[in-house]
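# Fold and contact review
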Amino acid sequence: MTGSSARPMFGLLEWLRPGEEERVERVLEDLKAVGATGLRTGISWADWHDVGGQEWYAWLLPRLACEVNVLPCFHYTPPTLGIAPQIWSPPRDPKQYADFLDVFITRFGEHFEWVELWNKPKNPLEWDITLDPNWLIFCKMVGGAAHWAQKRGKKTVLGASGPMDAQWVRLMCDRRVLQYIDAVGIHGFPGTFEFWWDGWTAKIARVRNVLLQHGSKAEIWITETGYSTWRHDEQAQIAAFNNVMAAPADRVYWYAAHDREPAETIDAVAADERELHFGLRRADGSEKLLMRLLRQGGLEAVDNSAWFTGFNGRSGRGCQKPVLITGGAGFVGCNLAHRLCSEGQPVLLYDNLSRAGVEENAAWLCATHGDLVQVQVADVRDAPSLGQAAQHSSAVFHLAAQVAVTSSLTGPISDFEINARGTLNLLEALRGMSSPVPVVFTSTNKVYGSLDDVALRLNGERYEPDDANTRDLGISENQPLDFYSPYGCSKGAADQYILDYARTFGLPAVVFRMSCIYGPHQFGTEDQGWVAHFLIQSM
Ligand SMILES: NC(=O)c1ccc[n+]([C@@H]2O[C@H](COP(=O)([O-])OP(=O)(O)OC[C@H]3O[C@@H](n4cnc5c(N)ncnc54)[C@H](O)[C@@H]3O)[C@@H](O)[C@H]2O)c1
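Structure report, in brief.

The rules behind these values
Residues numbered from 1 in each chain as written. Predicted model: local features only at pLDDT ≥ 70, side-chain atom pairs only at ≥ 80, totals over all residues. Heavy atoms only, no water. Axes fitted to C-alpha atoms, helices over the stretch in contact; angles between N-to-C directions. Helix = DSSP H or I, 4+ residues; strand = E, 2+ residues; numbered from the N terminus. Contact = heavy atoms within 4.5 Å. Near = heavy atom within 4 Å. Polar contact = N/O pair within 3.5 Å; in protein donor to acceptor, adjacent residues only side chain to side chain. Areas by Shrake-Rupley, 256 points an atom, 1.4 Å probe, with all protein chains shown as cover. Nonpolar A, V, L, I, M, F, W, Y, C, P; charged D, E, K, R; others polar. Buried < 20%, exposed > 50% of the residue type's maximum accessible area, 1.4 Å probe, protein only. Pairing = 2+ DSSP bridges. Right-handed = clockwise from strand over helix to strand, strands pointing away. Parallel < 35°, antiparallel > 145°, perpendicular 65-115°, else oblique. Left-handed = near helix turned anticlockwise from the far one by under 90°. Phe/Tyr/Trp six-rings, centres within 6.5 Å; stacked < 30°, edge-to-face > 60°. Lys NZ or Arg CZ within 6 Å of the ring centre and 35° of its normal.

## Some details on the packing of helix 1 (residues 21–34) against helix 10 (residues 289–303)
- The contact between helix 1 and helix 10 brings their axes to 7 Å, and the two run at 60°. Along the contact surface, helix 1 presents D30, A33 and V34, while helix 10 presents M291, L294 and R295.

As structure tokens, this is what we get:
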């Protein structure tokens, strides 16, 4: 993108392995949904030599190429050809890498224009530098393959890695590898892996300087970047995306389409929680906020999201502390916030916007009540952020929750983490205050189970409680608890923690055990808010 202010071309990066046909289809669908026009993916020289490897690539390449612009990244030595029997070993004969590329271009070259030569050579799991201490084999291998690929009409990308790229690129220039290279790929994961970071512009400028000094006109691409939401900070993923899309690079490949389950990963990777949460979708298939914005409004929607992802920690209008409403963008929270603001009370909506559509509520509240409304896009599982928000509030309504019984059945752990642990995070923050502010918690009728002991009678076309008191006033608080469904358990646990913190630590707290509610600003679905869902569908 030398000299132009256009955005980089935006692609995704996913490593696709033999046998993953179904995942390939999901990735392609998501690529289209988010408007990505390219896909960078690995071509394993080792897999090629394995049973079924050639058939896999014969299926994969045409399948990908009819949907997107494919950047194949060639790496991994077949163990039988390595100095050591490992995929990260240099090959005994570096020329065999170029021979492999030659065969691949002959068979599938019509499906791609560029080839990337190796991946992360400075990562010992990708290239064993102890077997090639001066990068001599690497330079011979990649230089030779690049030269040959260009002769075969392909453009070449040098696969780089790590924040020290400029020095490494200099070495590649000095060794004359760069004369056969059309683009240099750089990597960076600011906020996740990079502990020292001075920005994409500075990082790219260093590499560009080296290229200029050596007379190279190679483009600079960001071939690997992304942000892991392992701390549930999805707004930071959006910020990282916005930053990289403003970088002076020709292309950006964003990692990844999907979060991974620990079982899908090799041990070293699974041990690092960060590795599992780079996706645009969570492991259960649900969309993260970045994906939702991209799908709904493309890059522009992500750009325009700064208003709700840029919380600045202000403590409300003037010196009046806001009322903190966790889940404040949701149905109940939005109506409550509107009521409070209408009485001149500032509010802080603390919401991760995980429920599709609720960003419209937040936008409406901001438009209606101006600076009485602050929005903090954050998660109740992020204890430090929640604690800070609580510290600056005058009272708390704790409404944020995983609200669907159905989702609690498929994902009971995340249901527990949000509803039970999230509530405990809040209570601990309140307990730490010298003068804890009051908290109101919205529990559920699910804590009473199926209420088999409440006798019913038929009245016309509806059933109603037999007992007149119950009919008029609802279920008594003396009704025994009987948590029903994982959602009932997690909300019930939170309900009991609130009551116990009131009893044990003297926190001023109230619990409401609510039933099915319907009203304005509700985004009802079959999973939750189904009365609203049915009414809206039938109108
Ligand atoms: N609506 C009902 O019929 C009903 C009935 C009984 C109890 N409740 C309870 O009332 C509360 C509000 O319900 P609602 O109908 O407004 O639901 P809602 O889904 O409209 O609102 C919940 C809000 O919490 C947010 N949220 C979800 N997970 C979060 C997390 N981890 N961190 C931060 N924010 C998160 C969502 O984005 C959403 O804006 C919930 O606690 C729910 O369990 C609701």
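## Concerning the site of the ligand
- Residues in close proximity to the ligand total 28 residues, the closest being V332, D351, R355, Y487 and K491.
- R355 places a polar side-chain atom, nitrogen or oxygen, 2.8 Å from an oxygen atom of the ligand.
- In the model, a nitrogen atom of the ligand is placed 3.0 Å from a nitrogen or oxygen of the D379 side chain.
- Taking 820 Å² as the accessible area of the ligand by itself, protein coverage stands at 97%.
- Along the lines of polarity and charge, the residues of the shell around the ligand split into 16 nonpolar, eight polar and four charged.

## Thoughts on the pairing of strand 4 (residues 114–117)
- A two-sided burial pattern is seen for strand 4, the buried positions comprising W114 and E116 on one face and V115 and L117 on the other.
- Relative to strand 4, strand 3 (residues 69–75) runs parallel, the two being bridged by two bridges. Residue C73 lies in a different strand from strand 4, and its bridge partner there is E116.
- As for the winding sense of the linkage, the β-α-β connection from strand 3 through helix 4 (residues 95–108) to strand 4 is right-handed.
- Strand direction decides the pairing type here: strand 4 and strand 5 (residues 155–159), joined by four bridges, are parallel. Bridge pairing links W114 to K155 in strand 5.
- Once you follow strand 4 into helix 5 (residues 136–151) and on to strand 5, the crossover reads as right-handed.

## So, the pairing of strand 8 (residues 251–254)
- Burial along strand 8 is two-sided: R251 and Y253 and V252 and W254, pointing in opposite directions, are all buried.
- As judged from the four bridges shared by strand 1 (residues 9–13) and strand 8, these two strands associate in the parallel manner. In the sheet register, F10 faces strand 8, and the bridge partner there is V252.
- Two elements, strand 7 (residues 219–225) and strand 8, share three bridges in a ladder whose sense is parallel.

## Side note on the packing of helix 4 against helix 5
- Axis separation between helix 4 and helix 5 bottoms out at 8 Å; the angle between their running directions is 30°. Looking at the two axes, helix 4 sits roughly parallel to helix 5. By crossing handedness, the relation of helix 4 to helix 5 is classed as right-handed. Taken together, the residues of helix 5 that come into contact with helix 4 (itself represented by Y97, A98, L101, D102 and I105) are M141, V142, G144, A145, W148 and A149.
- Looking at the contact of helix 4 with helix 5 residue by residue, the classes come out as nine nonpolar, one polar and one charged.

## Some details on the packing of aromatic side chains
- Counting across every chain of the model gives 31 aromatic pairs.
- Judged by centre distance (5.6 Å) and plane angle (85°), the rings of W135 and F138 are edge-to-face.
- Using a relative accessible area of 11% as the deciding quantity, one classes W135 as buried.
- Here F138 falls in the buried class, since its relative accessible area comes to 0%.
- With 4.9 Å between their ring centres and 80° between their planes, W197 and W200 make a pair best called edge-to-face.
- The ring of F505 is capped by R431, whose NZ or CZ atom sits 4.5 Å from the centre of that ring.

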